[in-house]
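Below, each chain spelled out in residue letters.
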Amino acid sequence: MLPSADVLLERARVVSLPLTTRFRGIVTRELLLLEGPDGWAEFSPFVEYGDAETANWLAAAIEFGWGGIATPGGNGRADAAHGSPAPAAAASVPVNATVPAIPAADVPELLARFPGCRTAKVKVAERGQSLADDLARVRAVRIALGPEGRIRVDANGGWTVDVATAALTELAEVGLEYAEQPCATVPELAAVRERLGGLVRIAADESVRKAEDPLAVARAGAADLLVIKAQPLGGVRRAAAIVAEAGLPAVVSSALESSVGVAQGAHLAAALGLAHETAAACGLGTAALLAADVTAHPLVPVAGAIPVARVTPDPALLAAHAASPERDAWWRERLRRARALL
Ligand SMILES: O=C(O)CCC(=O)C1=CC=C[C@@H](O)[C@@H]1C(=O)O
Ligand SMILES: [Mg+2]
């Protein structure tokens, strides 16, 4: 039985967290945190998302607060509530630095927020910018990481097939691990992948998390790997099932959450076997892009990794970053509408 909206909202808090750098067009991240018997969870679909899409995000929050997701090493309340297996060593997930569409000159300062990260994901194809801007940014990252560093780019579906093919052919000279969602649709991804003939691997993000059928991209052979997010896909179990069915390698990424939401991503990474030193880096270092978080011990990268741990917000920080009464009411209503869809 799923908890009712009243139960979900009993201890809910809505906060507005400032970002250090503009990212996907926003400078503050609003989100709702809720506390279940297993611990704290996050409900934070981006504000422009419609109700149908938000239901998955709520299903994920319910899973993390009420669903008995165990923490490897057994440091979470879920383990106590549901009986933990034998304690294992505390796990950690290697993470990438996330480089927004910033000027190349700002890259070194940005990367300093991600200590020890040997992989960087660089945003490209930003509206209003040119391929020259992308090349300059990616080259600046290559200089900072050195020849051994791994660089992936994320176009968020912003290119046509022709532009993607040309842009990735040029960017490949800097050395790319893969390109995430170069075009918007599955047929376009398949076409770019085919045209590049293995020069750059293709990862699908929006084609999984925003698709009616998250497996269509795998079935079409349109991607080499999947980028997986816990909240948009309805939680750890559902996301892990999609990866298993797709039969493709996966990288877990955040949805630009507070450390509470990032913690669920880390649990998904652990469930997928990505919580070890030699795993491909996950996009879970994004708490480093927040100028403020809800805990004094945020899940920011240390030595290139974040721990797989649950996060309990600090009451003083919840109060300091509380959203306005209007926004608080908006989020609570939004949660009620999402709950009605489950
Ligand atoms: O993967 C990362 O390095 C960070 C997360 C990230 O890039 C994203 C988080 C939230 C929303 C998305 O637009 C964006 C993405 O496209 O992957
Ligand atoms: Mg992406």
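Source: prediction; values computed, not measured.

## Focus on the UniProt feature "domain: Mandelate racemase/muconate lactonizing enzyme C-terminal" (unreviewed entry) in the chain
Argument step 1. According to UniProt, the positions carrying the feature "domain: Mandelate racemase/muconate lactonizing enzyme C-terminal" (unreviewed entry) are residues 104-199.
Argument step 2. End C-alpha to end C-alpha, residues 104-199 measures 24 Å, and it is 44% helix and 14% strand.

## Focus on the packing of helix α2 (residues 51-66) against helix α13 (residues 325-340)
Argument step 1. Axis separation between α2 and α13 bottoms out at 8 Å; the angle between their running directions is 85 degrees. When the axis of α2 is compared with that of α13, the two are roughly perpendicular. Across the interface between the two elements, D51, T54, A55 and L58 from α2 touch R334, L335, R337, A338 and R339 from α13.
Argument step 2. Across the contact of α2 with α13, the residue classes tally to four nonpolar, one polar and four charged.

## Observations concerning the nonpolar core
Argument step 1. If you look at the biggest cluster of nonpolar residues, it comprises 104 residues, and the most contacted ones within it are V93, A223, L226 and A269.
Argument step 2. Domain assignment of the residues forming this core places at least three in each of domain 1 (5-84 + 317-340) and domain 2 (92-313).
Argument step 3. For A269, the contacting residues outside a window of four places in its chain are V93, V252, L274, A275, C282 and L284.

## As for helix α10 (residues 236-246)
Argument step 1. Regarding α10, the residues found buried are V236, A239, A240, I242, V243 and A246. The arc that holds the buried residues of α10, viewed along the axis, is 155 degrees, so those residues lie on one side. Residues of α10 that are exposed and point more than 90 degrees away from the buried face comprise A244 and E245.
Argument step 2. Remark: G247 follows α10 within two positions and exhibits a positive phi of approximately 70 degrees.

## Digging into the UniProt feature "active site" (unreviewed entry) in the chain
Argument step 1. Following the UniProt record, one finds the feature "active site" (unreviewed entry) at K123 and K229.
Argument step 2. Its location among the elements puts K123 in strand β6 (residues 119-123).
Argument step 3. On the neighbour-count criterion, K123 (21 C-beta atoms within 10 Å) is buried.
Argument step 4. If near-sequence neighbours (up to four positions away) are discounted, K123 is found in contact with V99, P100, A101 and D154.
Argument step 5. Among the structural elements, K229 can be located in the loop between β10 (225-228) and α10.
Argument step 6. The contacts of K229, once residues within four sequence positions are left out, are R209, S253, S254, A255 and G265.

## A few points about the packing of α10 against helix α11 (residues 259-271)
Each pair of packed helices gets described by two things: the angle between the helix axes and the distance between those axes.
Argument step 1. Packing of α10 against α11 leaves a shortest axis separation of 10 Å and a crossing angle of 40 degrees. When the axis of α10 is compared with that of α11, the two are oblique. The chirality of how α10 crosses α11 is right-handed. The segment α10 lies against α11, with V236, A239 and A240 engaging Q264, H267, L268 and A271.
Argument step 2. In terms of residue class, the contact of α10 with α11 is made up of five nonpolar, two polar and no charged.

## A few points about the environment of D134
Argument step 1. Looking at the secondary structure, you find D134 in helix α5 (residues 131-145).
Argument step 2. Accessibility expressed as a C-beta count within 10 Å gives 22 for D134, which makes it buried.
Argument step 3. For the pair D134 and I102, spaced 32 residues apart in the sequence, the C-alpha separation amounts to 9.2 Å.
Argument step 4. D134 has contacts with V124, A125, Q129, A167 and L171, leaving out every residue within four places of it along the chain.

## Describing the sheet that holds β6
Argument step 1. Sheet architecture is open: seven strands sit in the order β5-β6-β7-β8-β9-β10-β11, paired in parallel fashion. Looking along the sheet, the strands with just one partner apiece sit at the ends: β5 (97-99) and β11 (250-252). Put simply, the sheet's adjacent strands are angled 25 degrees from each other on average, direction ignored.
Argument step 2. Relative to strand β7 (residues 150-154), β6 runs parallel, the two sharing five bridges. When the sheet's bridge partners are listed, K121 is paired in β7 with R152.

## Section: the domain arrangement of the chain
Argument step 1. Examined at the domain level, the chain breaks down into domain 1 (5-84 + 317-340) and domain 2 (92-313).
Argument step 2. The gap between the C-alpha centroids of domain 1 and domain 2 is 22 Å.
Argument step 3. At the junction of the two partners, domain 1 supplies 31 residues and domain 2 supplies 34 residues.
Argument step 4. Of all elements in the fold, only β1 (13-23), β2 (26-36), β3 (39-43), α2 and α12 (315-320) reach the threshold of two or more residues within the side of domain 1 that touches domain 2.
Argument step 5. Among the elements that line the side of domain 1 that touches domain 2, the one with the most residues is β1, at eight residues.
Argument step 6. Per-class residue counts for the side of domain 1 that touches domain 2 are 17 nonpolar, nine polar and five charged.

Criteria and cut-off values
Residues numbered from 1 in each chain as written. Chains lettered and ligands numbered in written order. Predicted model: local features only at pLDDT ≥ 70, side-chain atom pairs only at ≥ 80, totals over all residues. UniProt positions renumbered as here; feature names shortened; annotations may be inferred. Helix = DSSP H or I, 4+ residues; strand = E, 2+ residues; numbered from the N terminus. Axes fitted to C-alpha atoms, helices over the stretch in contact; angles between N-to-C directions. Parallel < 35°, antiparallel > 145°, perpendicular 65-115°, else oblique. Contact = placed C-beta atoms within 7 Å. Nonpolar A, V, L, I, M, F, W, Y, C, P; charged D, E, K, R; others polar. Core = buried A, V, L, I, M, F, W, Y, C linked by C-beta atoms within 7 Å. Buried ≥ 20, exposed ≤ 12 C-beta atoms within 10 Å, placed from the backbone. Domains from an automatic or database assignment. Arc of directions from axis to C-beta. Left-handed = near helix turned anticlockwise from the far one by under 90°. Pairing = 2+ DSSP bridges.

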